[in-house]
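The primary structure of each chain is shown beneath.
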Amino acid sequence: RPTMDPRAPMEEEAKEGGRFPSSSNSSISDQKSEVASRTLPEQNSRMRLSIEMGRGRRALIAKNKIARRDVRYTMIKNGDLRLLRWARCSLCRKWRRLAHLAPLESFEASWTCQGNRYQDLKMQRCEMDEEPLHSNEQLVPKTNLEELKALENKRFYDELHQFLVERGKPMRKNPVVGGRKLDLHRLFKEVIYVGGYREANRIDGTWMRIFRGLENNSKRVTNASTRLKTAYKNLLSEYEEAFFGSQS
């Protein structure tokens, strides 16, 4: 004859009286589910806000950059495929020829003739006529532009690698900043445009301003100035001196 567990009536009575839950494991599980149901929406909300803020910063940076329609490239017919750069003044709307290493990617939408460095000083005034193309110069079609930019970038890296090997300082690995490879060609153009390595070190905040214009820009990188400066010093400063001379 089946026997009754003497504990059974006590447990049943306790459950009905509500003195303790039917299962401690299920209670803990329910509590965790309740906490998760409260925290997950909060985490998702913070994540969405972070993403939107990041998009907003990138959109703001993009909005302040010079428009593609105000930038153009030319090249010499039957030449060495070297891209020549032009920008259109936001005031007089005239095209101005720029230095070969001008970092158009960082030009602001409010760029004017006055910001045209390394050209004849008279061309920094809106009153001057627009310079025509040379007889052997032609506009680069947009369909070929990205390919030519890639070739230009590759040529720079090839020359830099060869230079560093000859100096006994081969580049083992391209520096990474903010989770992205640092574009040394872009960095070189940015530093040259502010006057070179010495000038970038002389003016406070220059390295940080350069960093904000790069694809590597991120608030997570707290030592951006130091890392850019170190990368340039180790890989590009001697190249700059050889490229322009010791008085650059």
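Details of the structure are given in the entry above.
Cut-offs and rules
Residues numbered from 1 in each chain as written. Predicted model: local features only at pLDDT ≥ 70, side-chain atom pairs only at ≥ 80, totals over all residues. Heavy atoms only, no water. Phe/Tyr/Trp six-rings, centres within 6.5 Å; stacked < 30°, edge-to-face > 60°. Helix = DSSP H or I, 4+ residues; strand = E, 2+ residues; numbered from the N terminus. Buried < 20%, exposed > 50% of the residue type's maximum accessible area, 1.4 Å probe, protein only. Pairing = 2+ DSSP bridges. Axes fitted to C-alpha atoms, helices over the stretch in contact; angles between N-to-C directions. Disulfide = S-S within 2.5 Å. 1 Å grid on protein atoms, 1.4 Å probe; cavity = no way out; pocket = protein on both sides within 12 Å on 5 of 7 lines; lining within 4 Å. Points joined across faces, edges and corners; volume = space filled by probe spheres on them. Nonpolar A, V, L, I, M, F, W, Y, C, P; charged D, E, K, R; others polar.

*Asks:* Let's hear about the packing of aromatic side chains: which residues, and what values?
*Replies:* For the structure shown, the criterion picks out 14 aromatic pairs. When the centroid spacing of 5.6 Å and the interplanar angle of 85° are considered together, the rings of phenylalanine 156 and tyrosine 239 count as edge-to-face. With phenylalanine 156 in helix H3 (residues 142-166) and tyrosine 239 in helix H8 (residues 237-244), this pair connects stretches of sequence that are 83 residues apart. Using a relative accessible area of 7% as the deciding quantity, one classes phenylalanine 156 as buried. Residue classification places tyrosine 239 among the buried residues on the basis of a relative accessible area of 6%. Aromatic pair phenylalanine 188 and tyrosine 239: ring centres 5.4 Å apart, planes at 65°, arrangement edge-to-face.

*Asks:* How would you summarise the pairing of strand E2 (residues 84-88) if you had to cite specific residues and measurements?
*Replies:* Of all five residues in E2, five are buried, a share of seventy percent or more. When strand E1 (residues 71-76) meets E2, the two strands line up antiparallel, connected through four bridges. Counted as the bridge partner of valine 71 is alanine 87 from E2. Sheet topology note: the E2/strand E3 (residues 95-97) ladder contains three bridges and is antiparallel. From the neighbouring strand, tryptophan 86 faces E3, where its bridge partner is arginine 97. What sits between E2 and E3 in their antiparallel hairpin is a turn of six residues, with arginine 93 showing a positive phi close to 65°.

*Asks:* Tell me about the sheet that holds E2, and name the residues and values.
*Replies:* Each strand in a sheet pairs with another by means of backbone hydrogen bonds, the pair being arranged parallel or else antiparallel. In spatial order, the strands read E3-E2-E1-E4; together these four strands make up an open sheet with antiparallel pairing. Across the chains shown, the open sheet's two edge strands, defined by having one partner strand only, are E3 and strand E4 (137-139). Shown here is a sheet whose adjacent strand axes are inclined to one another by a mean of 35°, direction ignored.

*Asks:* Outline the state of the cysteines, listing residues and values.
*Replies:* Under the criterion given, the structure shown has zero disulfides. The closest cysteine sulfur to the non-disulfide-bonded cysteine 92 is located on cysteine 113, 3.6 Å from its own sulfur. Residue classification places cysteine 113 among the buried positions, given a relative accessible area of 0%.

*Asks:* Explain the layout of surface pockets to me, and be specific about the residues and the numbers.
*Replies:* In this structure, the second largest pocket occupies an estimated 210 Å³ of space. The element contributing the most residues to the lining of the second largest pocket is H3, with four residues. Split into classes, the residues belonging to the lining of the second largest pocket amount to five nonpolar, two polar and six charged.

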